Amino acid sequence: MRTISYEKYLDKVTGCFIGKAISGNIGAPHEGVKMPLALPFMQEMINPDLPNDDLDLQVLWLDVMEEKGEAFTSCDLLERFCRCTPYSPGEYSVMRKNFQRGIYPPYSGKFCNDFYIEGMGCPIRSEVWGCVAVGNPALARELSSRDGVLDHAGESVEAEMFLAALECEAFFESDVRKLIDNALKTVPADSKFRRLVEDTVRWCDEFGDSKTVLTRILFHYGHPDCTNMYENMGITLLSLLLGEQEIIKTSLMALNCGFDTDCTCATAGAIIGLL
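A few points on the structure.

Reading guide: rules and limits
- Residues numbered from 1 in each chain as written.
- Predicted model: local features only at pLDDT ≥ 70, side-chain atom pairs only at ≥ 80, totals over all residues.
- Heavy atoms only, no water.
- Helix = DSSP H or I, 4+ residues; strand = E, 2+ residues; numbered from the N terminus.
- Rg over C-alpha atoms; globule rule 2.2 N^0.38 Å.
- Buried < 20%, exposed > 50% of the residue type's maximum accessible area, 1.4 Å probe, protein only.
- Contact = heavy atoms within 4.5 Å.
- Areas by Shrake-Rupley, 256 points an atom, 1.4 Å probe, with all protein chains shown as cover.
- Lys, Arg positive; Asp, Glu negative; His and termini not counted.
- Charge placed at Lys NZ, Arg CZ, Asp CG, Glu CD.
- Core = buried A, V, L, I, M, F, W, Y, C linked by side-chain atoms within 4.5 Å.
- Expected span 1.5 Å × (residues − 1).
- Arc of directions from axis to C-beta.
- Salt bridge = Lys/Arg side-chain N within 4 Å of Asp/Glu carboxyl O.
- Polar contact = N/O pair within 3.5 Å; in protein donor to acceptor, adjacent residues only side chain to side chain.
- Axes fitted to C-alpha atoms, helices over the stretch in contact; angles between N-to-C directions.
- Parallel < 35°, antiparallel > 145°, perpendicular 65-115°, else oblique.
- Left-handed = near helix turned anticlockwise from the far one by under 90°.
- Nonpolar A, V, L, I, M, F, W, Y, C, P; charged D, E, K, R; others polar.

### Some remarks on the overall build of the protein
Item 1. Along the protein, the regular secondary structure elements total 13 helices and zero strands.
Item 2. If you list the helices and strands of the protein from N to C, you get α-α-α-α-α-α-α-α-α-α-α-α-α.
Item 3. For a compact globule of 275 residues, the expected C-alpha radius of gyration is about 19 Å, and the protein comes in at 17 Å, within 12% of that figure.
Item 4. Along the first, second and third principal axes, the C-alpha atoms of the protein reach 50 × 45 × 45 Å.
Item 5. Every one of the 275 residues in the protein was classed for burial, and the buried ones make up 55%.
Item 6. Expressed as a percentage of contacts within the protein between residues at least 6 apart in sequence, the contacts between residues at least 24 apart total 72%.
Item 7. Carbon and sulfur atoms provide 56% of the accessible area of the protein, an area that totals close to 11,700 Å².
Item 8. Averaging the locations of the 25 positively and 41 negatively charged side chains of the protein gives two centres separated by 4 Å.

Structure (structure tokens):
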């Protein structure tokens with residue numbers, strides 16, 4: 001059995017939280033630009049005053065867990081979202097409308113959600129599950145799946161489970177490549193998402209250049225929706241693999257790939273914070 005001291009656990013959770021906040025806010029002002037960028041780092045990019053739903057919702061989920069315990073349900077999360085959050089961009093509006101119709105998870109993420117069904121809205125909520133299920137990928141996947149089906153289905157939920165499994169192991173393993181390889185073992189062998197991860201890792205090994213890898217990701221996995229999971233998970237992974245575990249370099253690499261930059265930057269930054 002692996003053990004971790006409370007002091008080390010607290011330090012890693014704090015790093016995850018700060019990394020999510022810093023990097024998410026670096027990416028937020030440029031969200032939705034569907035092309036590569038060439039932005040240099042500026043100190044004003046680190047702006048803690050910007051709102052960040054990717055982080056706020058995880059704090060809300062933690063509140064649900066503190067009240068309900070490990071046995072919380074997807075309906076508990078969705079009810080809390082509809083009662084406590086005023087915003088509804090993209091797939092959030094779909095799940096809110098479905099909840100109002102009496103359509104509950106897992107159908108709230110499927111019904112009338114063709115455009116966003118494989119978006120980034122649930123993979124970017126993975127960290128809280130990794131931080132709760134420390135060193136237990138099976139539990140991290142189970143908890144995150146209850147979250148993912150609120151507003152997504154299929155491989156988007158799989159992507160959130162993959163990230164949660166990776167993040168829960170980052171409390172004990174500091175090598176990004178090993179974390180990706182281990183988390184990938186839980187992903188179905190025939191899934192498109194697994195192919196994306198394997199392709200991105202191989203392209204990073206072969207080319208070692210973010211622009212070249214991005215070109216291949218967009219050619220094989222690009223989508224009209226700037227928040228689509230496939231292209232953005234590829235961007236997140238390439239920035240983690242090529243960013244040398246340095247948070248500003250990693251965040252700028254994700255930022256300058258464009259697309260759903262608040263999500264790609266935030267998830268990469270959270271994982272660097274954990275490490």
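Still more ground to cover, so stick around.
### Regarding the environment of Leu 196
Item 1. Turning to its location among the elements, Leu 196 is positioned in helix H9 (residues 192-207).
Item 2. A C-alpha to C-alpha distance of 7.0 Å links Leu 196 and Tyr 230, two positions 34 residues apart in sequence.
Item 3. Apart from residues no more than four positions distant in its own chain, Leu 196 is found in contact with Tyr 221, Tyr 230, Met 233 and Gly 234.

### A word on the nonpolar core
Item 1. Judged by nonpolar contacts, the single largest core of 72 residues is most densely connected at Trp 129, Phe 162, Phe 193 and Met 233.
Item 2. When residues in this core are grouped by element, the largest group, eight residues, is from helix H11 (residues 229-242).
Item 3. Phe 193 has contacts with Glu 155, Glu 158, Ala 159, Phe 162, Val 187, Met 229, Tyr 230 and Met 233, leaving out every residue within four places of it along the chain.

### Remarks on helix H10 (residues 210-221)
Item 1. For H10, which comprises twelve residues, the first-to-last C-alpha distance of 16 Å matches the rise-based estimate of 16 Å (1.5 Å per residue) to within 8%.
Item 2. Looking only at H10, the buried set comprises Ser 210, Val 213, Leu 214, Ile 217 and Tyr 221. One side of H10 holds all its buried residues, which, seen down the axis, span an arc of 100°. Of the exposed residues in H10, the ones pointing more than 90 degrees away from its buried face are Lys 211, Thr 215 and Phe 219.
Item 3. Of the surrounding elements, those touching the buried residues of H10 are H9, H11 and helix H12 (247-255).

### Topic: the pattern of salt bridges
Item 1. One pass over the structure, following the stated rule, counts 16 salt bridges.
Item 2. The partner of Asp 63 in a salt bridge is Arg 80, and the shortest N-O contact between them spans 2.6 Å. Linking Asp 63 in helix H2 (residues 53-68) with Arg 80 in helix H3 (residues 74-84), this pair joins segments that are 17 residues apart in sequence.
Item 3. Owing to a relative accessible area of 4%, Arg 80 belongs among the buried residues under this scheme.
Item 4. Through salt bridges with shared partners, a single network forms among Asp 63, Glu 67, Lys 68, Asp 76 and Arg 80.

### Concerning the side chain of Arg 194
Item 1. Secondary-structure assignment places Arg 194 in helix H9.
Item 2. With residues up to four places along the chain from it excluded, the contact list for Arg 194 reads Leu 184, Lys 185, Val 187, Pro 188 and Ala 189.

### Topic: H2
Item 1. If you check H2, its first and last C-alpha atoms are 22 Å apart, about what 16 residues at 1.5 Å a residue would give, namely 22 Å.
Item 2. All of the buried residues along H2 are Asp 54, Leu 55, Leu 57, Gln 58, Leu 60, Trp 61, Val 64 and Met 65.
Item 3. Against the buried residues of H2 lie helix H1 (6-27), H3, helix H4 (91-101), helix H5 (127-132), helix H6 (137-148) and helix H13 (261-274).
Item 4. The backbone nitrogen of Asp 54 has a side-chain oxygen 3.0 Å away, supplied by the residue at the start of H2, namely Asn 52.
Item 5. Remark: Gly 69 follows H2 within two positions and exhibits a positive phi of approximately 80°.

### What to know about the environment of Met 95
Item 1. Here Met 95 is to be found in helix H4.
Item 2. Measuring from C-alpha to C-alpha, the distance between Met 95 and Glu 244 comes to 38 Å, with 149 residues separating the pair along the chain.
Item 3. Ignoring sequence-local partners within four residues, the contact set of Met 95 consists of Leu 78, Phe 81, Ser 108, Leu 150 and Asp 151.

### So, the packing of H9 against H10
Item 1. As a packed pair, H9 and H10 sit with axes 9 Å apart at the nearest point and diverge in direction by 155°. Considering the angle they form, H9 stands roughly antiparallel to H10. The crossing of H9 and H10 is right-handed. Contacts from Lys 192, Arg 195, Leu 196, Asp 199, Thr 200, Trp 203, Cys 204 and Phe 207 of H9 reach H10 at Thr 212, Val 213, Arg 216, Ile 217, His 220 and Tyr 221.
Item 2. Here the residues of the contact of H9 with H10 sort into seven nonpolar, three polar and four charged.

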